[in-house]
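Given next are the chains, with one letter for each unit.
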Amino acid sequence: MSNLHSLTHFWPELILTITVLAAIISDLIYRREESFKVAWWVLGGLVLTLFAIQIGGSTVSDLFMGTIALDPFSEFFKVLVLISTIAVVLMSFNSNELKDYRMGEYYSVLAIMAIGLFLMASAIDVLMVYLALEVVSIMSFFLAGYLKKNPHSNEASLKYVIYGAFSSGIMLYGLSILFGLTGTTKFIGMQTAIANLGPDSNLALILSAVFILAGFGYKISAVPFHFWTPDVYEGSPTTITAYLSVAPKAAGFAMMIRFFNQVFGDSTALVSETWSTINGIPWPQLMGVLAAVTMTVGNMVAIQQDSVKRMLAYSSIAHAGYMMMALPLMSEAGVYGIMIYLLMYLFMNLGAFFVVIYVQGKFGGEDFDNFDGLGWKMPFVGVVMTLFMFSLTGLPPTAGFIGKFYLFAAVIKAGTQYYWLAIVGALNSVVSLYYYIRVVKHMFLKGERSESVEMPASSLVTILLLAMALPTFILGWYFAPVVTWISESLVIFQGM
Amino acid sequence: MVVPLEHVIALSMILFSIGVLGVLFRRNAITIFMSIELMLNAVNLALVGFSRYYNSVDGQVFVFLVMTLAAAEVAVGLAIIIALYRNRQTVNIDEINLMKN
């Protein structure tokens, strides 16, 4: 579609851009104490964007001369990004860490990051892949270091910037090799060019695929590209940790699925269960091993943590591992499983982080000890946190169980060669039970049983906790509408 | 005289390797940033070479994009280093280890 014509389908991104500008200008008007009011502008813009996506309908087309895809698949991820951004903006009102800082830039940058994530979910041109990846990365460096008087936050953002710039540089080199081999920057053109390559360019192709995998692996924090994750997640403001563990990961999976499906797959990918055109490397097995290692490392290190925030950071590596189980299949069922899991993961993980933010503000820390007796002091928060922990483990009847069910079903259905992967995944879920239940133990069995019962002082906290807890609970047994929506969203733009 | 594509690619590979080694073995945050710049410029060189090989401008457009984004990345990176230096009085990444488990 031509540039001018594309604009009529580009409303969500345009509204977000206007939101960012409005937020930056309004930040100049407000005084320091009122700077949190920028959040209302951003919230309004995000809600409008959500409507714009709904009104846009489900056209399947390319925009801006084949750089961006417009399809239900990207719309699903855009909705996911918007829900998590709205939730994080609301959470930030209650954050104790952010109180001492001017908040205008914080909210504007969150909105810019949402634009970058939109582009990540819909890029079909390596130029746009790199642009979107960098927009998201640079904004997350900034947000990770937002507490500029806090040495932990400084350190987190420095580590993030070094790892991020390094891995995007490596990925860029892979992309340049791919451009050199194919002579085009469009996914579809690359696919046909790769199919016509002779065997003597196989080595270069493998090299570029491995380099590109490093970039994607960094974004979804897969082992062995995960080293930044725990430190960055621990040092960042907890609201940003919650955001980083959900939204960029979802967009990273979207970009990775689209890229491997279109560049290294063939037109039968997603239908048949083969997706490798690269000879010489057993891709499905390699991805399977990466998934198994990712979840095992995440779980084994999560067990040893004393801080709930750091534990959740490692457990998010493990969750990325569960989702990666479906990548070697690259079948429709596998992608479907990943999408369902991401939606369930969004609610339960944001909810768990929100409880950590709340406990941090009220009891001044995020260690397991700070949760002692919470279940008796504040039964509502305790019960909700218990629900999130059960759901993250994958126990029925919670959303996490449904997510895991679809993932494991896809893996098992793919054939006997993947049974070992499903077994490793199941064993890992059992291991994760140990450290999730530890939180529940601290809340109900340790510390004093207080006689007086408290509710959260602010009604916004109660509403937000309910908004995360209700989907986590209800989607555990009434998931038909969501599952239908996701199966309708499984339409990926495949070229005109 | 026309420089053959192989020479351009070889030079870009050498520059890229120097950049990677710099990131892995240098301990000063500023030097690490310079090494990352070297990696990105190696990519630019390769892209320009390929672009001329294919007689298309796609690669050159890519180079401009990379240069702009690299500048933005370094601007944020240097701001972060300054914020860190104010609190810790060091830019040596071996001493930046508050979070170790």
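Residues numbered from 1 in each chain as written. Chains lettered and ligands numbered in written order. Predicted model: local features only at pLDDT ≥ 70, side-chain atom pairs only at ≥ 80, totals over all residues. Heavy atoms only, no water.

**Brief notes about the overall build of chain B**
A count of helices and strands for chain B gives three helices and zero strands. The order of α-helices and β-strands along chain B, N terminus first, is α-α-α. Taking 2.2 N^0.38 as the reference for a compact globule, 101 residues should give roughly 13 Å; the C-alpha atoms of chain B span a radius of gyration of 17 Å, well beyond that estimate. Expressed along its principal axes, the backbone C-alpha trace of chain B runs to roughly 50 × 25 × 25 Å. Within chain B, the proportion of its 101 residues that are buried is 43%. (Helix = DSSP H or I, 4+ residues; strand = E, 2+ residues; numbered from the N terminus. Rg over C-alpha atoms; globule rule 2.2 N^0.38 Å. Buried < 20%, exposed > 50% of the residue type's maximum accessible area, 1.4 Å probe, protein only.)

**Considerations on the overall build of chain A**
For chain A, the count of helices and strands is 20 helices and two strands. The C-alpha radius of gyration of chain A comes to 22 Å, within 12% of the 23 Å expected for a compact globule of 496 residues. For chain A, the spread of C-alpha atoms along the three principal axes comes to 75 × 55 × 45 Å. Scored against the burial criterion, the 496 residues of chain A give a buried share of 66%. Of all intrachain contacts in chain A linking residues separated by at least 6 positions in sequence, the fraction that spans at least 24 positions is 81%. A total of about 16700 Å² of accessible surface is found on chain A, and carbon and sulfur atoms cover 69% of it. Both charge centroids of chain A, one from 23 positive and one from 28 negative side chains, sit 6 Å from each other. (Contact = heavy atoms within 4.5 Å. Areas by Shrake-Rupley, 256 points an atom, 1.4 Å probe, with all protein chains shown as cover. Lys, Arg positive; Asp, Glu negative; His and termini not counted. Charge placed at Lys NZ, Arg CZ, Asp CG, Glu CD.)

**With respect to the domain arrangement of chain A**
Residues and elements named next belong to chain A. Parsing chain A into structural domains produces domain 1 (1–267) and domain 2 (282–490). Listed per partner, the contact involves 46 residues of domain 1 and 43 residues of domain 2. Taken as a group, F76, V223 and F253 account for 17% of the area that domain 1 buries against domain 2, more than any other trio of residues on that side. At the boundary of domain 1 with domain 2, the tally comes to two salt bridges. The shortest N-O distance in the salt bridge between R310 and D231 comes to 3.3 Å. (Domains from an automatic or database assignment. Buried area = accessible area lost by both parts, 1.4 Å probe. Salt bridge = Lys/Arg side-chain N within 4 Å of Asp/Glu carboxyl O.)

**So, the environment of F142 of chain A**
Within the secondary structure, F142 of chain A is located in helix α6 (residues 126–144). Sequence separation between F142 of chain A and E105 of chain A is 37 residues, and the spatial gap between their C-alpha atoms is 9.9 Å.

**Considerations on the interface of chain A and chain B**
At the junction of the two partners, chain A supplies 45 residues and chain B supplies 41 residues. Remark: the boundary between chain A and chain B carries one salt bridge. A salt bridge links R88 of chain B to E155 of chain A, with the shortest nitrogen-to-oxygen separation between them at 3.8 Å. Inspection of the chain A/chain B interface yields six residue pairs in polar contact (both at pLDDT 80 or more). Counting residues per element, the ones that place at least two in the side of chain A that touches chain B are α6, α7 (151–182), α9 (202–219), α10 (228–235) and α13 (308–324) of chain A. Broken down by element, the side of chain A that touches chain B gets its largest block of residues, 23 residues, from α7 of chain A. When grouped by side-chain class, the residues that make up the side of chain A that touches chain B number 24 nonpolar, 13 polar and eight charged. (Polar contact = N/O pair within 3.5 Å; in protein donor to acceptor, adjacent residues only side chain to side chain. Nonpolar A, V, L, I, M, F, W, Y, C, P; charged D, E, K, R; others polar.)

**Some details on unusual backbone geometry**
With an omega of 5°, the peptide bond running from V223 of chain A to P224 of chain A counts as cis. Mapped onto the fold, P224 of chain A is located in the loop between α9 and α10. Cis geometry marks the peptide bond from P396 of chain A to P397 of chain A, where omega comes out at 0°. Of note, P397 of chain A is situated in the loop between α16 (379–393) and α17 (399–413). For M65 of chain A, which is not a glycine, the phi torsion comes out positive at approximately 55°. Its relative accessible area of 53% is what places M65 of chain A among the exposed residues. A positive phi angle, close to 55°, is found at Q89 of chain B, a residue other than glycine. Structurally, Q89 of chain B is set in the segment after α3 (58–88).

**So, the pattern of salt bridges**
By the definition in use, this model includes 15 salt bridges over all chains. A salt bridge links E33 of chain A to R31 of chain A, with the shortest nitrogen-to-oxygen separation between them at 3.1 Å. Judged by relative accessible area, which is 54%, E33 of chain A ranks as exposed. A salt bridge links R438 of chain A to D306 of chain A; the shortest N-O distance between them is 3.8 Å. Placement of the pair is R438 of chain A in helix α18 (residues 419–444) and D306 of chain A in the loop between α12 (283–303) and α13, with a sequence separation of 132 residues. Among the residues examined, R438 of chain A registers a relative accessible area of 18% and is labelled buried. Under the relative-accessibility criterion, D306 of chain A is labelled exposed at 54%. Sharing partners across several salt bridges, the network here consists of E155, K159, D231, E234 and R310 of chain A together with R88 of chain B.

**Describing the UniProt feature "transmembrane region" (unreviewed entry) in chain B**
UniProt annotation of "transmembrane region" (unreviewed entry) refers to residues 6–25, 32–50 and 62–85 of chain B when read in the numbering used here. Between the C-alpha atoms that bound residues 32–50 of chain B the distance is 27 Å, and the span itself is 100% helix and 0% strand. (UniProt positions renumbered as here; feature names shortened; annotations may be inferred.)

**Observations regarding the side chain of S108 of chain A**
All names here are of chain A. When you line up the elements, S108 lands in helix α5 (residues 104–122). Here G104 takes part through its backbone oxygen, which lies 2.7 Å from a polar atom of the side chain of S108. Once residues lying within four places of it in the same chain are set aside, the contact partners of S108 are V20, A23, I24 and V42.

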